[in-house]
Amino acid sequence: MPRDVVRAMPRYRELAGIGGELVYQYTSSIGHDHAIEKHVAYVLATHLTHLFEKDLIPREAFCALAPVLLSMLREGNYIREGYEDVFEAAEAYLEERAGSAANYLWLGRSRNDHVSAALRLYAVEKLVELAKGLTRARRALLGVATRWGNVPVLLHTHQQPSQVGNIACLVLGWEEALSSVTQLALFATKLLARSPLGASAGAGTIAPIDPERLAELLGFESVLSSTYASGSRLDVALAVMVSAMFMAEASRIASDLITYSSPYLGVIVIPDEHVATSSAMPHKRNPVTLEVLRARAARVAGYALGVLAIMHGLPYIYNLDLQEANPLLYTALSDAVEASMILSDIFEKMGIDEKRSRALVERYAPVSVELAEISALREGKAFREAYREVAELLRKEPLARLAESLLGPGWVDKVLELRKTGCTRHMNLGRVEARIALDERKVSEIEERLVSSRKRIIEFLEEAWESCQRA
C-alpha cells in the first residue's frame, strides 16, 4: 500500500495511534465495497438530511456537504484504494471537497449501524430484482402452458418413465417452485426493511436523533433494537438463504431442461442463444448456460453455508468477522438475479416438439398405475389386487400394447381426461395468472417505496442547496 495513500486516511485512525499498513491491507474491505458504494452514499445523505432537520449541524456545514453528497449519489466513484472500507473512503472524499464541514456529519452514527443499513438496502434492492426476474420467468412458463399445455409428455421418477403428464403439468410445477421462492424473497424484504440507523455502535447515541424518522427517510418500515441492528446479520443472511434455495430449485429445472432437450427425448427445443458447440465436434449443441447455472447453484449453496459459519458463535454486538460475509452476500444475490434472467429468456424462447413428445408417450406408455386404478374403481377391487393383476399382464405383453388393448385407440388423451387430480387436461391457468399478477404488484410497491424515498432525499438536498446558494 503506498505510503502517501495511508497518510490520506481519516485522521481519527492516526489520533488513536494504532494500526499500520499490514493491518490495513489485511482487514480492508475496499476491494468489494464497490457493491454498496451508492447505498452508503444514500445512508450518509439520509443522515445529513436528518441532522439538518433536527438543527444538529450548522447551516454552513450542511451547505458545504449537500453538493458533495449529491455528487456521490449521482456519480459514485468516490472509493479509492488505501482505505479500510467504504466509510473511510467516503470520509476522506468529503473532507477533500467540503473541508472541515465534513467533521459535523459523524454525529449520532457509527460505521456499525450505517453499514448495516447499506447492506439492508443492497439486499432489498437485489431481492426486488430477483422477484422481478422470477415473475417474468413465471409469466413465460404460463405462456408455455397456455400454448402447449395439453401436449402429452413423459414424466419421470428415478430417471425412469413413470406417468403420462402434459406440458402444463411439467412447466407449472416449475412455476410453483418459482412462486414459492418469490414468496420467500418478498418475506425477506420485509425483515430487511427495518432500520438500524440510530443504533450507533450498538448502544445508541445521546444525540437527539429520531430513529423512526430516519427509517421513514430511508424508505424502511420500522426500527430495530440497537444491539441487533448493529451486531446481527441474520436478516441479511436470510437473503443469501433465499438465493441458495432459488438456485437449488433453478438447478433442478435446468437439469429437466437439459434432459428434455437431449437428442434422446428432444421434447424441448432450447433456444440457440443458450447453446454452444464443441471445439472439436461441430455437431454438438451443448446447453452451456444451464450447465453454468447448475455450477453456480452449488457455489451459492457454499456461500450460504459460509455466511452461517461466519456468524456462528460470534458474541453480540459488532465483530469485524461479519465484514467477511459481505462478498458472499454480493455474489450469492448477483448469481441468483442472473440465473432468473437466464431462465426467463429460455422460457420465453424455447419450443416444444409436440409430435415427438406424443410419440415418446405412446412408445413407453407409463400408465400401469392408471390401469390398476381403473380396474379397482370399475370393478370394486382392492387396489393391491388390481395392481397384482396388471403386474401379471405386464409379464406377458408390453405396456404400450396393454394400454392399447385395455383402453382402446386414443388412450393417451383418455388417461389425461380421466385423471381427476394432478395433470388434468384443463389446468387452472387463471389461478396461476392471478397469483403472478399479485406478486408483480407487491414487487412494484416495494420498488416504488425505495425509489420514492431516494428521490425525496435527493430533492430535499437539491432544494436546500439552492437555498444555500441564494443566501
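For clarity, every value in this text was computed on a predicted model and none was experimentally measured.

Asker: It is not clear to me how the environment of aspartate 353 should be interpreted in this structure. Could you clarify?
Answerer: Here aspartate 353 shows up in the loop between strand E6 (351-352) and helix H14 (354-364). Considering only alpha carbons, one finds aspartate 353 and alanine 41, 312 residues apart in sequence, at a separation of 52 Å. Discounting chain neighbours no more than four positions away, the residues touching aspartate 353 are Gly266 and Val267. A polar atom in the side chain of aspartate 353 sits 3.4 Å from the backbone nitrogen of lysine 355.

Asker: Would you take a moment to explain the layout of surface pockets for this structure?
Answerer: A probe matching the size of a water molecule, rolled over the atoms, marks out where space remains unfilled. Counted as a void, the largest pocket has a volume near 430 Å³. Residue lining of the largest pocket: 14 residues in total, with Leu170, Trp174, Arg252, Ile253 and Asp256 positioned closest to the centre. The set of elements that each furnish at least two residues to the lining of the largest pocket consists of strand E1 (152-157), helix H8 (167-192) and helix H11 (234-261). The dominant element in the lining of the largest pocket, judged by the number of residues it contributes, is H11, at seven residues. Counted by class, the lining of the largest pocket contains six nonpolar, five polar and three charged residues.

Asker: Looking at this structure, how should I read the packing of aromatic side chains?
Answerer: Each aromatic ring pair is summarised here by two numbers: the centre-to-centre distance and the angle between the ring planes. This structure, assessed with the given rule, holds seven aromatic pairs. With centroids separated by 3.9 Å and ring planes inclined at 15°, the aromatic side chains of phenylalanine 52 and phenylalanine 62 adopt a geometry described as stacked. Highlighted residues: phenylalanine 52 in helix H4 (residues 37-53) and phenylalanine 62 in helix H5 (residues 59-75), separated in sequence by 10 residues. Look at phenylalanine 52 and you get partly exposed, because its relative accessible area is 21%. Using a relative accessible area of 0% as the deciding quantity, one classes phenylalanine 62 as buried. Geometrically, the ring pair formed by phenylalanine 62 and phenylalanine 460 is edge-to-face, given 6.3 Å between the ring centres and 65° between the ring planes. Taken as a pair, phenylalanine 62 in helix H5 and phenylalanine 460 in helix H19 (residues 429-470) lie far apart in primary sequence, 398 residues in all. A relative accessible area of 26% means that phenylalanine 460 is categorised as partly exposed.

About the cut-offs
- Residues numbered from 1 in each chain as written.
- Predicted model: local features only at pLDDT ≥ 70, side-chain atom pairs only at ≥ 80, totals over all residues.
- Heavy atoms only, no water.
- Helix = DSSP H or I, 4+ residues; strand = E, 2+ residues; numbered from the N terminus.
- Contact = heavy atoms within 4.5 Å.
- Polar contact = N/O pair within 3.5 Å; in protein donor to acceptor, adjacent residues only side chain to side chain.
- 1 Å grid on protein atoms, 1.4 Å probe; cavity = no way out; pocket = protein on both sides within 12 Å on 5 of 7 lines; lining within 4 Å.
- Points joined across faces, edges and corners; volume = space filled by probe spheres on them.
- Nonpolar A, V, L, I, M, F, W, Y, C, P; charged D, E, K, R; others polar.
- Phe/Tyr/Trp six-rings, centres within 6.5 Å; stacked < 30°, edge-to-face > 60°.
- Buried < 20%, exposed > 50% of the residue type's maximum accessible area, 1.4 Å probe, protein only.

In short, the description is geometric, and any link to function would need to be established separately.
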